[in-house]
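This is what each chain is made of:
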Amino acid sequence: MASSTYILYSYTPSLVGAVIFAALFLLTTTFHLYQRIRSHAKYFNPFIVGGLFQIIGYIARAAAHYNKTSTVLYAIQQLLILLAPILYAASIYMVLGRIISFLHGEHLSYVPVRLMTKIFVGGDILSFILQGAGGGVMSSGSEKTLIIGQWVIIAGLCVQLLFFGTFMISSGLFHLRILQSPTEQSERTMHLRISILPRNWPNLLFTCYAVSLLIVVRSAYRLIEFVQGNNGYVISHEVFLYIFDAAIMFLVMVIMNVFHPSDVLQNDGPAQSSSSEGSVDRSKEQA
């Protein structure tokens, strides 16, 4: 296995921490896969892939406990853990577009729904490419390429934060407008309950806000980490990785397990319910 004479870690990666989070991400990702199969929610495919990235990334990190000089293990864990939240974001962007379409509120969105996925996911892809390229450059293990890779990753993180900020503003503005000018569908599903927990579009939007804010906090942490450089205080203390990345991203996945979008964005949504009710009424009239 390829190794580097350059110091890749300022500490010995925690075996216990890596194994625990690999197991936790395995559990939540498996449940997401079950929810995906049950609901046929294709827009959650990137989210599940992000979970797989986390699992493999922390397995590689556990292996790095025994081989701190391996550039292969360093590259795997660095790239996959770094890129996973971008895939979460892609699914969240698509959820907003589906909420707007589900509520027939296209006229209330400042960003055209037909362009929304292309714009935000396009920004996500750009961030993915930049961060992936930066991580790839860093994995060579030399001091010069490490610095270059860090700044490429910083550019990718800035792009991610820019598009995420725009997304949150767009979501908030749509939310305000549909509360002021509710559609028939939004009023019908405002107080929908499927279980003990309220499952309706306002709560789904608040869920998107919550996980988006968590991803922003994580991205801000990563930005600080790479701006400080390889000798910085943040990157030199592993505890920050587990608090501001691993734990936060696990929480994002669990929140989306509990408030899964498919519970609201069902195939038998308000539009179909309305048509069914209309058919019943027409049958009664004919009788």
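Source: prediction; values computed, not measured.

Student: In this structure, what is going on with the packing of helix α3 (residues 71-102) against helix α4 (residues 113-138)? I would like to understand it.
Tutor: Axes are the key here: two packed helices are described by the angle between their axes and the distance separating the axes. Two elements in contact, α3 and α4, have axes separated by 10 Å at closest approach and are oriented at 175°. With respect to each other, α3 and α4 are oriented roughly antiparallel. Of the residues assigned to the contact of α3 with α4, the class counts are 18 nonpolar, nine polar and one charged.

Student: I would appreciate a short explanation of empty space enclosed by the protein in the present structure.
Tutor: Over the atoms, a rolled probe matching the size of one water molecule traces out where space is still vacant. Inspection of the entire model under this criterion finds two cavities of 30 Å³ or more. Estimated volume of the largest cavity: approximately 200 Å³. Lining the largest cavity we find 18 residues, and of these Y11, R61, Q78, E225 and I235 sit closest to its centre. Contributions of two or more residues to the lining of the largest cavity are made by α3, α7 (201-228) and α8 (238-258). Considering each element in turn, the lining of the largest cavity owes the most residues, four residues, to α3. A per-class count over the lining of the largest cavity returns nine nonpolar, five polar and four charged.

Student: Please clarify how the nonpolar core should be interpreted in this entry.
Tutor: When a protein is soluble and globular, its nonpolar side chains tend to lie buried together. Counting 60 residues, the largest nonpolar core has F25, Y58, Y88, V95, I99, V252 and L265 as its most contacted members. Per element, the largest residue contribution to this core is 16 residues, and it comes from α3. Apart from the residues lying within four places of it in its own chain, the contact partners of Y58 are A18, F21, A22, F25, I81, L241, Y242, D245 and A246.

Student: Would you mind going over the UniProt feature "transmembrane region" (unreviewed entry) in the protein chain with me for this structure?
Tutor: Listed under "transmembrane region" (unreviewed entry) in the UniProt record, and renumbered for this structure, are residues 6-31, 43-60, 72-96, 108-130, 150-179, 200-219 and 239-259. Along residues 72-96 one finds 100% helix and 0% strand; the C-alpha atoms at either end are 37 Å apart. Helix makes up 100% of residues 150-179 and strand makes up 0%, while its end C-alpha atoms are separated by 43 Å.

Student: Looking at this model, I keep getting lost on the packing of aromatic side chains. Mind explaining?
Tutor: The description of two aromatic rings rests on the distance between their centres and on the angle between their planes. Applying the stated rule across the entire model yields 21 aromatic pairs. Seen in terms of ring centroids, F44 and F47 are 4.7 Å apart; in terms of plane orientation they differ by 25°. Their pairing is stacked. An aromatic cluster is built from F21, F25, Y58, Y242 and F250, whose rings are joined through pairwise contacts. The lysine or arginine in question, R177, covers the ring of Y110, its NZ or CZ lying 4.5 Å from the ring centre.

Student: Got a minute to help me understand the pattern of salt bridges in this structure?
Tutor: Think of it this way: side chains of opposite charge can pair up when their charged atoms draw near. Taken as a whole and assessed by the stated rule, the structure comprises five salt bridges. Between E225 and R222 there is a salt bridge, with the nearest N and O atoms lying 2.8 Å from each other. Of this pair, E225 and R222 both sit in helix α7, three residues apart, which is roughly one turn of that helix. Like R222, E225 is buried. Shared partners join several salt bridges into a network, and the residues in it are R218, R222, E225 and D245.

Student: Looking at this structure, I do not really get unusual backbone geometry. What am I missing?
Tutor: Across residues other than glycine, the phi torsion is negative in most instances, and most of the peptide bonds are trans. In this model, H40 sits at a positive phi of 60°, which is unusual for a non-glycine residue. Position of H40 among the secondary structure elements: in the loop between α1 (15-39) and α2 (45-64). Classification of H40 as exposed rests on a relative accessible area of 56%. The phi dihedral of H104 falls on the positive side, at around 55°, and the residue is not glycine. Within the element layout of this structure, H104 appears in the loop between α3 and α4. Given the relative accessible area of 34%, H104 is considered partly exposed.

Student: I keep staring at α8 and nothing clicks. Help me out?
Tutor: Compared with the 30 Å implied by 1.5 Å per residue over 21 residues, the 29 Å span of α8 between its first and last C-alpha is a close match. Among the residues of α8, E238, L241, Y242, D245, A246, I248, M249, V252, M253, I255, M256 and N257 are the ones counted as buried. Lining the buried residues of α8 we find α1, α2, α3 and α7.

Student: Please clarify how the environment of A60 should be interpreted in this entry.
Tutor: Counting through the fold element by element, A60 comes out in helix α2. Relative accessible area serves as the criterion here: at 5%, A60 is assigned to the buried category. C-alpha separation for the pair A60 and V72, spaced twelve residues apart in sequence, amounts to 9.0 Å. Ignoring sequence-local partners within four residues, the contact set of A60 consists of L73, I76 and Q77.

Conventions used here
- Residues numbered from 1 in each chain as written.
- Predicted model: local features only at pLDDT ≥ 70, side-chain atom pairs only at ≥ 80, totals over all residues.
- Heavy atoms only, no water.
- Axes fitted to C-alpha atoms, helices over the stretch in contact; angles between N-to-C directions.
- Helix = DSSP H or I, 4+ residues; strand = E, 2+ residues; numbered from the N terminus.
- Parallel < 35°, antiparallel > 145°, perpendicular 65-115°, else oblique.
- Nonpolar A, V, L, I, M, F, W, Y, C, P; charged D, E, K, R; others polar.
- 1 Å grid on protein atoms, 1.4 Å probe; cavity = no way out; pocket = protein on both sides within 12 Å on 5 of 7 lines; lining within 4 Å.
- Points joined across faces, edges and corners; volume = space filled by probe spheres on them.
- Core = buried A, V, L, I, M, F, W, Y, C linked by side-chain atoms within 4.5 Å.
- Buried < 20%, exposed > 50% of the residue type's maximum accessible area, 1.4 Å probe, protein only.
- Contact = heavy atoms within 4.5 Å.
- UniProt positions renumbered as here; feature names shortened; annotations may be inferred.
- Phe/Tyr/Trp six-rings, centres within 6.5 Å; stacked < 30°, edge-to-face > 60°.
- Lys NZ or Arg CZ within 6 Å of the ring centre and 35° of its normal.
- Salt bridge = Lys/Arg side-chain N within 4 Å of Asp/Glu carboxyl O.
- Expected span 1.5 Å × (residues − 1).

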